[in-house]
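# Geometric and topological summary
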Amino acid sequence: MRFASTRGASPDVGFSAALVQGLAPDGGLYVPQQWPQFALDAWPAAAALPALAEPLLQRFAEGDALVAQAADIVGDAFNFPAPLVPLDETGHLSVLELFHGPTAAFKDFGARFLAACMTRIRSGNPKVLRILVATSGDTGGAVAAAFHRRPGIEVVVLFPKGLVSPTQERQLTCWGDNVTSLAVRGTFDDCQRLVKQAFLDPELQITAELSSANSINLGRLLPQAAYYVATSLAVWRKHGQKASFIIPSGNLGNSVACLWARQMGLPIGDIVLAHNANRTLPDYLQSGLLQPRPSIATLASAMDVGNPSNLERMSHLYPDATQLGQQLEAVSISDAQISARIISDFAARGQIWCPHTATAAEAYEQMPAGRRANGRWVLVATAHPAKFREIVEPLIGQAVTIPENLQRLFELPTQCTEIAATLDALREVIAR
Ligand SMILES: *Cc1c(COP(=O)(O)O)cnc(C)c1O
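Computed from a predicted model, the values in this text were never measured in an experiment. (Residues numbered from 1 in each chain as written. Predicted model: local features only at pLDDT ≥ 70, side-chain atom pairs only at ≥ 80, totals over all residues. Heavy atoms only, no water.)

With that settled, consider the sheet that holds strand β4 (residues 93–97). If you walk across this open sheet you meet the 6 strands as β3-β4-β12-β9-β10-β11, and the pairing is mixed. Every interior strand has two partners, whereas the edge strands, β3 (84–86) and β11 (329–332), have only one. Each strand axis lies, on average, 25° off the axis of its neighbour in the sheet, ignoring direction. Sheet topology places strand β10 (residues 268–275) next to β11; 4 bridges connect them, and they run parallel. Opposite His275, over in β11, you have Ser332 as the bridge partner. Lying on the sheet, helix α10 (residues 280–287) is in contact with β10 and β11; it crosses β11 at an angle near 125°. Against the sheet, helix α14 (residues 355–365) touches β4, β9 (243–248), β10, β11 and β12 (376–381), its axis set at about 135° to β9. (Pairing = 2+ DSSP bridges. Helix = DSSP H or I, 4+ residues; strand = E, 2+ residues; numbered from the N terminus. Axes fitted to C-alpha atoms, helices over the stretch in contact; angles between N-to-C directions. Contact = heavy atoms within 4.5 Å.)

Right, let's talk about the sheet that holds strand β6 (residues 153–160) for a bit. Within the open sheet, the 5 strands sit side by side as β8-β5-β6-β7-β13. Their pairing is parallel. With partners counted over all chains shown, the strands left at the sheet margins are β8 (208–212) and β13 (417–420), one partner each. On average, each strand axis in the sheet is inclined to that of its neighbour by 30°, with strand direction left out of account. Sheet topology note: the strand β5 (residues 128–134)/β8 ladder contains 5 bridges and is parallel. Bridged to Arg130 within β8 is Leu210. Packed on one face of the sheet, helix α6 (residues 166–173) meets β6 and β7 (179–185) and runs near 155° to β6.

Computed from the structure, the second largest pocket encloses a volume of approximately 270 Å³. Along its surface, the second largest pocket is lined by 14 residues, and Pro102, Ala145, Trp175, Arg408 and Leu409 are the ones closest to its centre. With 3 residues, the single largest contributor to the lining of the second largest pocket is helix α17 (residues 404–410). Partitioned by chemical class, the residues of the lining of the second largest pocket number 6 nonpolar, 5 polar and 3 charged. (1 Å grid on protein atoms, 1.4 Å probe; cavity = no way out; pocket = protein on both sides within 12 Å on 5 of 7 lines; lining within 4 Å. Points joined across faces, edges and corners; volume = space filled by probe spheres on them. Nonpolar A, V, L, I, M, F, W, Y, C, P; charged D, E, K, R; others polar.)

A few words on unusual backbone geometry. With a phi angle near 65°, Arg149 is a residue other than glycine that sits in the positive phi range. Residue placement: Arg149 occurs in the loop between α5 (138–147) and β6.

Spelled out as structure tokens, the structure:
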């Protein structure tokens, strides 16, 4: 399969090239040139994620060297589950838990799959691949975990010193080996600027090839589509009804993956995006005017995006707000509503949400009762609440039990270098 840029001014490329490049040369994002169609009865009966991801990868990587290693790659990438847990007896409401990976958030799916592919693409290449990631908290940890100890690859994580939560900071600094963690004296924007400058710096490209693993990489979308395949098939086989998803959304990568799965013939009904107070997409669908704006800090910080990059992939499929609005809905949930939802669902049923997942739970509560009762609704849980315990614990008045995957990280020694927000400082640590 070939992939085209959403901006239409770059040559089309194969799967491996799209992964390594990240962004197309014209600044656009890679999208499939045609949509493979999967008949429902062609999917293997076994519901395990690797078995369902394999045919997906085989079609996406058709004509690419990676296709021969598809089974190997999905086995390496999907080494943790995405369980669908019922929340009521009728089977009308469930939660899809995407937080059983190494850093307890759904970004582990994209990062691990990308690492599994990149390792094989680079195998035998004498030059080191150096992956630079600027992070405001979640992405950097997932990428570091996924690439930790992968041969031929180094990771440099840049985060704003003092501006990530203590729990997030541990996940960014507990790796060592081929991962270098840098606390930058500046903001997230400074970190992003440094990464962009590094890509333009010839000196930094002498010893290694540079790459990024940011959220617009095509390699993140395919593994995310895989859990929508698995979930919608499970719901269809059990209830004979389409699954409808409520997805906590920010940069729209997770929701594009869901749209793509439906585009490829999976039995997916409604798609509802739950945003925090950053309401660029809800406003666009309502007014028809796209108005990107600076992000607002909220409790669901991993969704603080004022100019969502993956909207470009949505607009490529559905060019205006009217068309897009026929395919999905978007709501905006305030911090006060997030807190209230965490408090009341804990009180009513002992359910503890992370602030992001709470936006989806609140969007569900706001729906008319008839709509809730007729659908097969799936709340997408994007992170474990322990990851955001600084926010959640004061609301519920007790400690959140830390899952084994996070506990293991918390026990590792941390290491980190503080640098000024300048290219010289970055060059110096990399040279060491
Ligand atoms: C990144 C993230 C989101 C937002 O996902 P997008 O693909 O950017 O829309 C939601 N919740 C958590 C916990 C995240 O880390």
